[in-house]
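Coordinate inspection notes
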Amino acid sequence: MARILKATYSDSNECEVTGKVSHWSVSSETILDDTAPGRKVFPDNPHNFIYGELVIGSVSPTGVTIVNPESHERYIVKEGEEYTTGIYTSNGRYRWWYTFEISERQ
C-alpha cells in the first residue's frame with residue numbers, strides 16, 4: 001500500500017464593482033515515500049498564482065510536515081485527519097487556503 005498526500009489549493013475573489021465572488025481550486029497527489037521530502041506539493045501546476053511553493057519537509061509513519069518556504073509556515077498533517085489552514089487574504093477581497101489529507105492506496 002502507498003500513502004498518498006492529497007493537497008488542495010482554493011481561493012475566492014470578490015469583485016470590487018459587482019460584489020460577485022468567484023471560486024477556484026486545484027488539487028494534487030503526492031506519494032509519501034522515502035523520496036518525498038523536498039518535493040513540491042503542486043509540481044506541474046501551470047497556475048503560478050498559487051501562493052508559495054509548498055514542499056514536503058518530512059514524512060513520518062503518522063503524518064507529514066509541509067513547508068511554505070515563502071512564509072516559513074509549517075503545516076503538520078496527521079494520518080486520518082483532514083487539515084485545513086486558516087484563510088489568508090491580501091486585500092480582504094482575495095482569499096486563499098490549503099486543505100491536506102493523507103490516504104492509503106493499493
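Everything below is about the structure shown above.
This structure is a prediction, so every number in the text was calculated from the model and none was measured. Every chain is numbered independently, its residues counted from 1 as its sequence is written. Per-residue local features of the predicted model are confined to residues with pLDDT of at least 70, and side-chain atom pairs are confined, for both listing and counting, to 80 or more; whole-chain, interface and lining totals are unaffected and use all residues. For side-chain calculations, the full set of non-hydrogen atoms in the structure is used, while hydrogens and water are omitted.

Starting at the N terminus, helices and strands are each numbered in turn, a helix being any DSSP run of H or I of at least four residues and a strand any DSSP run of E of at least two. Within the secondary structure, S28 is located in strand β2 (residues 21-31). Distance and chemistry together define a polar contact, namely a pair of N or O atoms within 3.5 Å, with one atom able to donate a hydrogen and the other to accept it when in protein, and with adjacent residues in sequence counting only for side-chain atoms on both sides. Engagement of the side chain of S28 in a polar contact is seen with the backbone oxygen of V41, the distance being 2.5 Å. Note on contacts: a residue pair qualifies if any of its non-hydrogen atoms lie within 4.5 Å across the two residues. Not counting residues up to four positions away in its chain, the partners in contact with S28 are L5, K6, A7, V41, F42 and P43.

The next thing to look at is the sheet that holds strand β5 (residues 73-78). Here we have 3 strands laid out as an open sheet, ordered β3-β4-β5, and antiparallel in their pairing. Among the strands making up the open sheet, the edge pair consists of β3 (55-60) and β5. Sheet twist, expressed as the average angle between the axes of neighbouring strands with direction ignored, equals 20°. Both strand β4 (residues 63-68) and β5 contribute to a ladder of 6 bridges, which runs antiparallel. DSSP bridges decide pairing: two strands pair if at least two such bridges lie between them. Angles run from 0 to 180 degrees between N-to-C directions of axes, and those axes are lines fitted to C-alpha atoms, restricted for helices to the stretch in contact.

Attention shifts here to the pattern of salt bridges. Opposite charge on two side chains allows them to pair when their charged atoms are near. Within this document, salt bridges are pairs made up of a side-chain nitrogen of Lys or Arg and a carboxyl oxygen of Asp or Glu, the two lying within 4 Å of each other. Summed over all chains, the structure comprises 5 salt bridges. Across the salt bridge formed by E79 and R3, the nearest N and O atoms sit 2.6 Å from each other. Of the two residues, E79 is situated in the loop between β5 and β6 (83-84) and R3 in strand β1 (residues 2-14); the sequence distance between them amounts to 76 residues. Measuring nitrogen to oxygen at the nearest pair gives 3.6 Å for the salt bridge that ties K40 to E53. Of this pair, K40 sits in the loop between β2 and β3 while E53 is found in the loop between β2 and β3, placing the two residues 13 residues apart along the sequence.

Right, let's talk about the packing of aromatic side chains for a bit. Stacked, tilted and edge-to-face are the three classes applied to pairs of Phe, Tyr and Trp rings, where Trp contributes its six-membered ring and a pair requires centres within 6.5 Å; stacked means planes under 30 degrees apart, edge-to-face means over 60, and tilted covers the rest. Counted under the stated rule, the structure contains 10 aromatic pairs. Ring geometry for Y88 against W96: centres 5.8 Å apart, planes inclined by 20°, an arrangement best described as stacked.

We note that H72 has phi near 65°; this positive angle belongs to a residue other than glycine. With respect to the helices and strands, H72 occurs in the loop between β4 and β5.

Within the fold, Y98 resides in strand β8 (residues 94-105). Categorising residues by exposure relies on relative accessible area from a 1.4 Å probe, with only protein chains included: less than 20% of the type maximum marks a residue as buried, more than 50% marks it as exposed, and the intermediate range marks it as partly exposed. A relative accessible area of 0% means that Y98 is categorised as buried. C-alpha separation for the pair Y98 and T85, spaced 13 residues apart in sequence, amounts to 5.5 Å.

Counting buried residues along β4, 6 of its 6 residues qualify, which places the element largely inside the surrounding structure. Covered by surrounding structure in β4 are G63, T65 and V67 together with V64, I66 and N68, the residues of both alternating faces. Relative to β4, β3 is paired through 5 bridges, and the arrangement is antiparallel. Each residue of the ladder has a partner; that of V59, found in β4, is V64.

Note that every value here comes from positions in space, so none of it alone points to a role or purpose.
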